[in-house]
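# Topology and contacts: notes
Here are the chains, one letter per residue:
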Amino acid sequence: MSQPLTRTLAALVLTAGLAAGACAADDDPDGSEPVATTTAPETTSIVDLTPRPTDELADSLYTIVADTGVPALGAAIFDGDGLVSQAVAGVRERGGDAAVTIDDTFHLGSNTKAMTAALVARFDERGGPVGFDTTLAEAFGETTDVHSDYADVTLAQLLSHTGGAPTDDDLELDDSILTLPVEEARALGTRLVLAAPPAAPPGSVSAYSNAGYVVVAAALEEATGQSWEELMRAELFDPLAMDSCGFGPPGTEGAVDQPLGHDAESGEPAWFDHPAVVAPAGGMHCSMADWGRFLVELLNGLDGDSEHLTHASVERLFEVSDVPVPGLDGGAALGWFAIEGPQGTAWFHDGSNTAWYSQAAIVPDIDRVVVAVSNEEATGEQAAAMAFVALSEIDPA
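Bear in mind that the values here come from a model prediction, so they are computed numbers and not experimental data. (Residues numbered from 1 in each chain as written. Predicted model: local features only at pLDDT ≥ 70, side-chain atom pairs only at ≥ 80, totals over all residues. Heavy atoms only, no water.)

### Let's talk about the nonpolar core
In globular proteins that are soluble, nonpolar side chains generally tend to be buried together. In this structure, M115, L136, F294 and W336 are the most contacted members of the largest nonpolar core, which totals 73 residues. For this core, the element with the most residues is helix α3 (residues 113-125), which contributes eight residues. (Core = buried A, V, L, I, M, F, W, Y, C linked by side-chain atoms within 4.5 Å. Buried < 20%, exposed > 50% of the residue type's maximum accessible area, 1.4 Å probe, protein only. Helix = DSSP H or I, 4+ residues; strand = E, 2+ residues; numbered from the N terminus.)

See below:
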């Protein structure tokens, strides 16, 4: 799971806003194309304009696929009532002839983190057995040697990348851990992390950490006796009817029954994911529509209109840490990054396991959720950015 491309996302806000402003400009009397303005009107943002009809969106995605070389690309827009428009273009594997379909599932990478954070919210609003403010000493003190500097770190701090957990560059796990059953692997990996001093003083810096999310999942498993995967199905997938969602790469190994990821170096199709031990940080797949069910629940929850999460717990998920994020004007919440724009706060995250790429944005003030998915990281980042622009374009008719 790569770190979120916060600089790219910040640029994307501006790019998409300007694109929306250009599309909103009046046509020239002679019928020529609208002239792009150099400054976006105050009313524009990524998704503040009427979404394009699905067939027009599909045409745009096909053009983006041709321009970028990404094997497959999908994009969707939602409001508080649910799905507004979605489309896909391309093929399930480069060089193949199996077209991607609207119901296909894509690997979400680190966009999984928002769901792990929501899992904590579910328990927090019920009063336990763990919650946002559970400390690592409380979660593991009876079974794990927790370093004194980690003792008061909370699950919320780990979810906002401010708890001092090691980054991927700092983390070294013995390969033997990966041969263990997944819950044992998470428990052992957590013990190794918490026995050492934090990689940075907790609460002092924002350092993006997949390990922190594994520790959170281990805390949930320790408290409930159920795996993170079981909890995810019971608390999110089943109640929200996210029937397509699962863990690891989509589809069947050796088949082309779902889109395949593509190797970051060769560009060849690859049925690939990181080890299941780190799935809470980025090991989930979903269709766009089912992913959107979860994101719409968060959008509505910010207004107190979620049927599954309390207003207080959703507000906590989007509470921005006061620890600054390097390279980002906004800040980190729990599974999200905030960027301030002309339409208020926009919440972003992206994800990749190096073979896929996904991106999501929630813009509460204009009642919009936008997602883009692709089955290659190298071309997917650019293609997703272009898909966001396509979603924001207005049809003058």
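Moving on from the coordinates now.
### So, a negative patch on the surface
A surface patch of like charges, here negative, comprises D81, D303, D305, D365 and D367. Judged by relative accessible area, D367 falls into the partly exposed class, the value being 31%. (Patch = residues over 30% accessible without salt bridge, like charges linked within 9 Å, V, L, I, M, F, W, Y side chains within 5 Å. Areas by Shrake-Rupley, 256 points an atom, 1.4 Å probe, with all protein chains shown as cover. Salt bridge = Lys/Arg side-chain N within 4 Å of Asp/Glu carboxyl O. Lys, Arg positive; Asp, Glu negative; His and termini not counted. Charge placed at Lys NZ, Arg CZ, Asp CG, Glu CD.)

### Looking at the confidence of the model for the protein chain
For the protein chain, the mean per-residue pLDDT works out to 86, and 84% of the residues sit at or above 70. Long-range and interchain partners of residues 3-51, a stretch whose pLDDT sits below 50, account for 85 contacts in this model, where long-range means more than four residues apart. (pLDDT = per-residue confidence, 0-100. Contact = heavy atoms within 4.5 Å.)

### Side note on the pattern of salt bridges
Tallied over the entire structure, the rule returns nine salt bridges. Note that E125 is salt-bridged to R122, the shortest N-O span being 3.7 Å. Taken together, the positions of E125 and R122, both in helix α3 and three residues apart, correspond to about one turn of that helix. The class for E125 is partly exposed, based on a relative accessible area of 25%. For R122, a relative accessible area of 14% translates into the label buried.

### Quick notes on the packing of aromatic side chains
The description of an aromatic ring pair rests on the distance of the ring centres and on the angle between the ring planes. What the rule picks out here adds up to six aromatic pairs. On the numbers, 6.0 Å between centres and 85 degrees between planes, the contact of F106 with W356 is edge-to-face. Of the two residues, F106 sits in strand β3 (residues 105-107) while W356 sits in the loop between β10 (344-351) and β11 (357-363), which places them 250 residues apart along the sequence. For the pair formed by F106 and W356, the shared burial category is buried. Ring-pair connections join several aromatic residues into one group, and the members of that group are W228, F237 and F247. A cation over an aromatic ring shows up here: K113 above the ring of Y213, its NZ or CZ 5.5 Å from the ring centre. For R126, the ring lying beneath its charged end belongs to F123, and the centroid distance is 4.9 Å. (Phe/Tyr/Trp six-rings, centres within 6.5 Å; stacked < 30°, edge-to-face > 60°. Lys NZ or Arg CZ within 6 Å of the ring centre and 35° of its normal.)

### As for the sheet that holds strand β7 (residues 284-287)
Strand order in this open sheet of three strands is β3-β7-β4, and the pairing throughout is antiparallel. The two strands at the open ends of the sheet, each matched to only one other strand, are β3 and β4 (246-247). The pairing of β4 with β7 spans two bridges and is classified as antiparallel. Bridge pairing in β7 places G246 opposite H285. (Pairing = 2+ DSSP bridges.)

### Description of the environment of L108
Its place among the elements puts L108 in the loop between β3 and α3. Assessed through its relative accessible area of 0%, L108 is described here as buried. As a C-alpha pair, L108 and A360 span 252 residues in sequence and 9.7 Å in three-dimensional space.

### Let's talk about unusual backbone geometry
At the junction of G128 and P129, the peptide bond is cis and its omega measures out at 10 degrees in the coordinates. The topology assignment puts P129 in the loop between α3 and α4 (136-140). Non-glycine residue A241 carries a positive phi angle of around 60 degrees. Among the structural elements, A241 can be located in the loop between α8 (228-237) and β4.

### A few points about the packing of α3 against helix α7 (residues 210-224)
Two elements in contact, α3 and α7, have axes separated by 11 Å at closest approach and are oriented at 35 degrees. Crossing hand, α3 versus α7: left-handed. Facing α3, whose interface residues are K113, T116, L119, V120 and F123, α7 presents N210, Y213, V216, L220 and T224. Among the residues forming the contact of α3 with α7, the class breakdown is six nonpolar, three polar and one charged. (Axes fitted to C-alpha atoms, helices over the stretch in contact; angles between N-to-C directions. Left-handed = near helix turned anticlockwise from the far one by under 90°. Nonpolar A, V, L, I, M, F, W, Y, C, P; charged D, E, K, R; others polar.)

### Thoughts on the sheet that holds strand β9 (residues 337-341)
The sheet built from seven strands is open, its strands ordered β2-β1-β12-β11-β10-β9-β8 with antiparallel pairing. The open sheet terminates on both sides in strands that have one partner only, identified here as β2 (82-90) and β8 (331-332). Here six bridges tie strand β1 (residues 72-79) to strand β12 (residues 368-374), and the two strands are oriented antiparallel to one another. Considered in β12, the bridge of L73 is made with S374. Across the sheet, helix α10 (residues 288-301) is in contact with β1, β2, β11 and β12; its angle to β12 comes to roughly 150 degrees.

### Some details on the side chain of D273
Within the secondary structure layout, D273 lies in the loop between β6 (269-270) and α9 (279-282). Buried within the structure, D273 lacks any salt-bridge partner; its nearest side chain of opposite charge belongs to R186, at an N-O separation of 9.4 Å. In this structure the side chain of D273 is engaged in a polar contact, spanning 3.0 Å, whose partner is the side chain of H107. If we ignore the near neighbours within four places in the chain, the residues touching D273 are H107, G248, P249, G282, G283 and N353. (Polar contact = N/O pair within 3.5 Å; in protein donor to acceptor, adjacent residues only side chain to side chain.)

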